[in-house]
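# Structure assessment
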Amino acid sequence: MASLKAAILIVSTTAANDPSTDAAEAALRAVFDQDGGGRWDLVEAKIVGDVTTDIQRQIVQWTDSADPVHLVITTGGTGFAVADHTPEAVSVLLHKQAPGLVHAMLSSSLAVTPFAMMSRPVAGVRNRTVIITLPGSPKGARENLQAVIKTLPHACQQAAGADSRALHSGGVKKLEQDAGLTPAAQQQPYTLTHHAHHVCTHGHSHGHGHAPLVRHTEPLSNDPSLGPTRRQRASPYPMLPVSDALALIKQHTPPPTITTCKVSPSLTGLVLAEDVHAPEPVPAFRASIVDGYAVVVPPGGDMRGVYPVVTVSHAAPAGGLDSGGGGTLKMGEIARITTGAPLPGGATSVIMVEDTRLVSMTEDEKEEREVEILAQGVKEGENIREVGSDVDKGALILRKGEQVSAVGGEVGLLASVGVREVKVYRRPVVGVLSTGDEIVEHDRAGELRLGEVRDTNRPGLIAAARDWGYEVVDLGIAKDQAGSLEEVLRDALRRVDLVITTGGVSMGELDLLKPTIERALGGTIHFGRVAMKPGKPTTFATVPVKNDAGERVSKVIFSLPGNPASALVTFHLFVLPSLRQMLGIDPPELPRVPVVLAHDFPLDKVRPEYHRAVVSVGSDGVLSATSTGGQRSSKVGSMKGANALLCMPSGPEPLPKGTRVEALLMGPLHSGL
């Protein structure tokens, strides 16, 4: 049997709706091409949603036809998610089970991660076709197929009806030789060293949330399994200008998601995802804008004279004498009215109380009986707010993309026209994680032991993120152990939209963030070095994750340097624009303003620097910048009181006092008056 026919079935509702989101087919085709020994002809690939009948219908078309395929590979739907039905759909179709193939795939995966036990693969034979279910993760699917690919020709030949005696005539050794399974080759798929180049994450099928993309190039990060002697001595990541790094962040930050919120003070900081029109006018009735008397203006406007007070209108619901419900006002009558109260029917103007004089009272002296009006030249409509004069019904009051400020004007406007809920962009949730065996809680009692460092990054970053209005999850401290770090990050990516880590991004043997992101989580590192000071090893990555709805989404990881000043600078320069973009703010970057240096500023000879400074506005309106002092990256005190980052060029000589530079504003301006 020279050529074996295989078919691939992608089980994914997301991919069924948008085939461009599927990466598993390319991963599996690569395995057949590279590891299949030229024995396979991939005749067809199909995509179906996570629907049992659709899965079964397509498999039966391939297995029960007059010319069936030899092998059907499914990918996706084998995890614990509510929508994962592939094992159940396939099991009932099988005439023979193949537990050995299942064991081989699970053994391969368990050598990489204990989460492999969450997989539910199924394998067996229907009629003359071998069927195997693989994870939905491209990496997981690829690794599972690699674990069994060399034995599948033999299995398919037997299932297709080949003479079993003839197939086994040379014994097991010959079978291994024909399959290319030398002892070394047999063991290779089960060793951690082999998997270090494409670690399985099994997200789609194992149901724990991660579905990595296909990697067409080898990871650039160090392979932790090789030890310190074989690590790279220089960073393999290109040094990007800050502008290029910001462009990559803008390109790869996930788009904002829309949600519906009730109109309340909790809207503060959110961005509208739709235009908002007034469902009712403001005011909704003709209202007085002063305390005084509603009148019917006679021709000529001369209101001088004494008038009986026939009713009272207060700012209260209509229906009684004291709420404007006393009937229609006639010429020669007046009605006492308070600010904001509805005008009685027939009233055409309001005379201010200051333009009147009390003439007589009721017998109990509690009410006015007659009032003299002193005004002349009165015009109709004076001191009246007409219906819709503030906001007309149907008027556009807020535009899509406007941010609800803390000043309160937007919330008040929405409330005034009776809007009960609006569509906004969801506020992203941030997780903050410190890493390092040397890091201890900042509030731990007692003196530090040799080598210990109090955690300043996590509290500082949490405070900064909350001050900008984001919900923050404290992820604690992770030790410098690959498995522990991977577990913490996997859990974090289930709970938050963006993860901030500090430390572990340089070239040390225990700097595990980049290898964990690339090799264990299947993420993509978009940049790993930036030409700036401080913050050169700043890393930006995205990781594909399966959400609760079974859809693949992208989560963001920023791995910031461990030095405290570097972490806070890069948070404001890189992380905050990503968060603001997720929130729907455009443009997402911090505002830039021109400032004048208040004194000489030293420059770094090689890299541009983001100098921590205090910007003040003087009596002449000029913004001036003063350094916060020493700028060493480990000196967190350089951020104390800072409200700006000065964009300083590299150069051999200091910039003199009076030089104009750009500043990124992190906080309100100080007053130099």
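Residues numbered from 1 in each chain as written. Predicted model: local features only at pLDDT ≥ 70, side-chain atom pairs only at ≥ 80, totals over all residues. Heavy atoms only, no water.

The name given to the protein chain in an unreviewed UniProt entry is MoaB/Mog domain-containing protein, and the organism recorded there is Humicola insolens. You can read under Pathway (unreviewed entry) in the UniProt record for the protein chain the words "Cofactor biosynthesis; molybdopterin biosynthesis." Here is the UniProt Function (unreviewed entry) comment for the protein chain, exactly as written: "Catalyzes two steps in the biosynthesis of the molybdenum cofactor. In the first step, molybdopterin is adenylated. Subsequently, molybdate is inserted into adenylated molybdopterin and AMP is released." (UniProt positions renumbered as here; feature names shortened; annotations may be inferred.)

The next point concerns the sheet that holds strand E14 (residues 356-361). Taking strand neighbours across the sheet as the criterion, the 6 strands line up as E13-E10-E12-E11-E15-E14 in an open arrangement whose pairing is mixed. Every interior strand has two partners, whereas the edge strands, strand E13 (349-352) and E14, have only one. Neighbouring strand axes in the sheet, compared pairwise and without regard to direction, differ in orientation by 40° on average. The sheet contact formed by strand E10 (residues 292-295) and strand E12 (residues 334-337) spans 3 bridges and is antiparallel. (Pairing = 2+ DSSP bridges. Helix = DSSP H or I, 4+ residues; strand = E, 2+ residues; numbered from the N terminus. Axes fitted to C-alpha atoms, helices over the stretch in contact; angles between N-to-C directions.)

Attention now goes to the nonpolar core. Of all hydrophobic cores here, the largest spans 62 residues; its most connected members are Phe 571 and Phe 574. Ignoring any residue separated from it by four or fewer positions in sequence, one finds Phe 574 in contact with Val 242, Ala 245, Leu 246, Ile 249, Val 530, Met 532, Thr 538 and Phe 558. Judged by nonpolar contacts, the second largest core, of 30 residues, contains Ala 6, Leu 71, Ile 73 and Met 105. (Core = buried A, V, L, I, M, F, W, Y, C linked by side-chain atoms within 4.5 Å. Buried < 20%, exposed > 50% of the residue type's maximum accessible area, 1.4 Å probe, protein only. Contact = heavy atoms within 4.5 Å.)

Right, let's talk about the side chain of Thr 435 for a bit. Mapped onto the elements, Thr 435 comes out in strand E19 (residues 429-435). At 2.9 Å, the side chain of Thr 435 and the backbone oxygen of Thr 502 are in polar contact. Separated by 3.3 Å, the side chain of Thr 435 and the backbone oxygen of Gly 503 make a polar contact. Those residues in contact with Thr 435 that lie beyond four places of it in its chain are Ala 478, Asp 480, Leu 485, Thr 502, Gly 503, Gly 504 and Leu 513. (Polar contact = N/O pair within 3.5 Å; in protein donor to acceptor, adjacent residues only side chain to side chain.)

Okay, empty space enclosed by the protein next. Over the atoms, a rolling probe the size of a water molecule traces out where space has been left empty. Tallying each qualifying case throughout the model produces 2 cavities of 30 Å³ or more. Contributing to the lining of the second largest cavity are Leu 246, Ile 249, Lys 250, Pro 577, Gln 581, Pro 588 and Glu 589. Among the secondary structure elements, those contributing two or more residues to the lining of the second largest cavity are helix H13 (242-252) and helix H18 (564-582). Per element, the largest residue contribution to the lining of the second largest cavity is 3 residues, and it comes from H13. (1 Å grid on protein atoms, 1.4 Å probe; cavity = no way out; pocket = protein on both sides within 12 Å on 5 of 7 lines; lining within 4 Å. Points joined across faces, edges and corners; volume = space filled by probe spheres on them.)

This next bit is on helix H14 (residues 409-416). The set of residues buried in H14 consists of Glu 410, Val 411 and Leu 414. The buried residues of H14 occupy an angular sector of 100° when projected down its axis, which confines them to one face. Turning to H14, the residues buried within the fold contact strand E8 (276-277), strand E17 (396-398) and strand E18 (421-425). Just beyond H14, the residue with positive phi is Gly 418, at close to 80°. (Arc of directions from axis to C-beta.)

Before going further, it helps to examine the environment of Gly 523. Position of Gly 523 among the secondary structure elements: in the loop between helix H17 (513-520) and strand E24 (524-527). Taking the relative accessible area as the measure of exposure, Gly 523 reaches 0% and is therefore buried.

For the structure shown, the criterion picks out 23 salt bridges. Between Lys 5 and Asp 67 there is a salt bridge, with the nearest N and O atoms lying 2.5 Å from each other. Taken together, the residues span a long stretch of sequence, with Lys 5 in strand E1 (residues 4-11) and Asp 67 in the loop between helix H3 (52-63) and strand E3 (71-75) at a distance of 62 residues. Judged by relative accessible area, which is 18%, Lys 5 ranks as buried. One salt bridge in this structure joins Arg 444 and Glu 452, with 2.7 Å as the shortest N-O distance. (Salt bridge = Lys/Arg side-chain N within 4 Å of Asp/Glu carboxyl O.)

Right, let's talk about the confidence of the model for the protein chain for a bit. Predicted confidence across the protein chain gives a mean pLDDT of 88, with 88% of residues reaching 70 or more. pLDDT under 50 marks residues 183-216. Its contacts with residues more than four places away, or in other chains, come to 137 contacts. Overall, residues 319-325 carries pLDDT values under 50, and its contacts beyond four positions in sequence, including any with other chains, amount to 19 contacts. (pLDDT = per-residue confidence, 0-100.)

Once that is clear, we can look at the pairing of E1. Of all 8 residues that make up E1, 8 are buried, and the element is covered over most of its length. Burial of the side chains of E1 extends over both faces: Leu 4, Ala 6, Ile 8 and Ile 10 are buried on one face and Lys 5, Ala 7, Leu 9 and Val 11 on the other. Of the strand pairs in this sheet, E1 and strand E2 (residues 40-48) are connected by 8 bridges, and their pairing is parallel. Looking across to E2, one finds that Ala 7 is bridged to Glu 44.

What follows deals with the packing of aromatic side chains. The geometry of an aromatic ring pair is captured by the separation of the ring centres together with the interplanar angle, meaning the angle of the planes. Taken as a whole, this structure holds 4 aromatic pairs when the rule is applied. Note on Phe 527 and Phe 540: the rings are 5.7 Å apart at their centroids and 40° apart in plane angle, and the pair reads as tilted. Highlighted residues: Phe 527 in strand E24 and Phe 540 in strand E25 (residues 539-546), separated in sequence by 13 residues. Phe 540 shares its class with Phe 527; the two are buried. These aromatic residues form a ring-pair network of at least three members: Phe 527, Phe 540, Phe 558 and Phe 574. Sitting over the face of the ring of Phe 80, Arg 120 holds its NZ or CZ atom 6.0 Å from the ring centroid. (Phe/Tyr/Trp six-rings, centres within 6.5 Å; stacked < 30°, edge-to-face > 60°. Lys NZ or Arg CZ within 6 Å of the ring centre and 35° of its normal.)

Here we come to the sheet that holds strand E22 (residues 471-478). The strand order across the open sheet built from 6 strands is E22-E19-E23-E26-E25-E24, with neighbouring strands paired in mixed fashion. Strand pairing shows two members of the sheet lacking a second neighbour, E22 and E24, which therefore form its edges. Across the sheet, the axes of successive neighbouring strands diverge by a mean angle of 25°, strand direction being ignored. As paired elements, strand E23 (residues 498-502) and strand E26 (residues 552-560) share 5 bridges and run parallel to each other. Bridge pairing in E26 places Leu 498 opposite Val 556.

Bringing the packing of H13 against H18 into the picture now. Where H13 meets H18, the axes come as close as 10 Å, and the angle between the chain directions of the two elements is 25°. Classified by the interaxial angle, the pair formed by H13 and H18 is roughly parallel. Judged by the sense of rotation from one axis to the other, the crossing of H13 with H18 is right-handed. In this structure, H13 uses Val 242, Ala 245, Leu 246, Ile 249 and Lys 250 to contact H18, whose residues at the interface are Leu 573, Phe 574, Pro 577, Ser 578 and Gln 581. For the contact of H13 with H18, the per-class residue count stands at 7 nonpolar, 2 polar and 1 charged. (Parallel < 35°, antiparallel > 145°, perpendicular 65-115°, else oblique. Left-handed = near helix turned anticlockwise from the far one by under 90°. Nonpolar A, V, L, I, M, F, W, Y, C, P; charged D, E, K, R; others polar.)

Outside of glycine, negative phi angles account for most residues, and trans bonds account for most peptide bonds. At the junction of Val 282 and Pro 283, the peptide bond is cis and its omega measures out at -5° in the coordinates. In this structure, the amide linkage connecting Asp 586 to the following residue, Pro 587, adopts the cis form with an omega of 0°. Within the secondary structure, Pro 587 is located in the loop between H18 and strand E27 (592-597). We note that Asn 127 has phi near 55°; this positive angle belongs to a residue other than glycine. Note on placement: Asn 127 falls in the loop between strand E5 (123-126) and strand E6 (129-134). What makes Asn 127 partly exposed here is its relative accessible area of 39%. The residue Glu 365 is not glycine, and still its phi comes out positive at about 60°. Inspection of the secondary structure puts Glu 365 in the loop between E14 and strand E15 (368-373).

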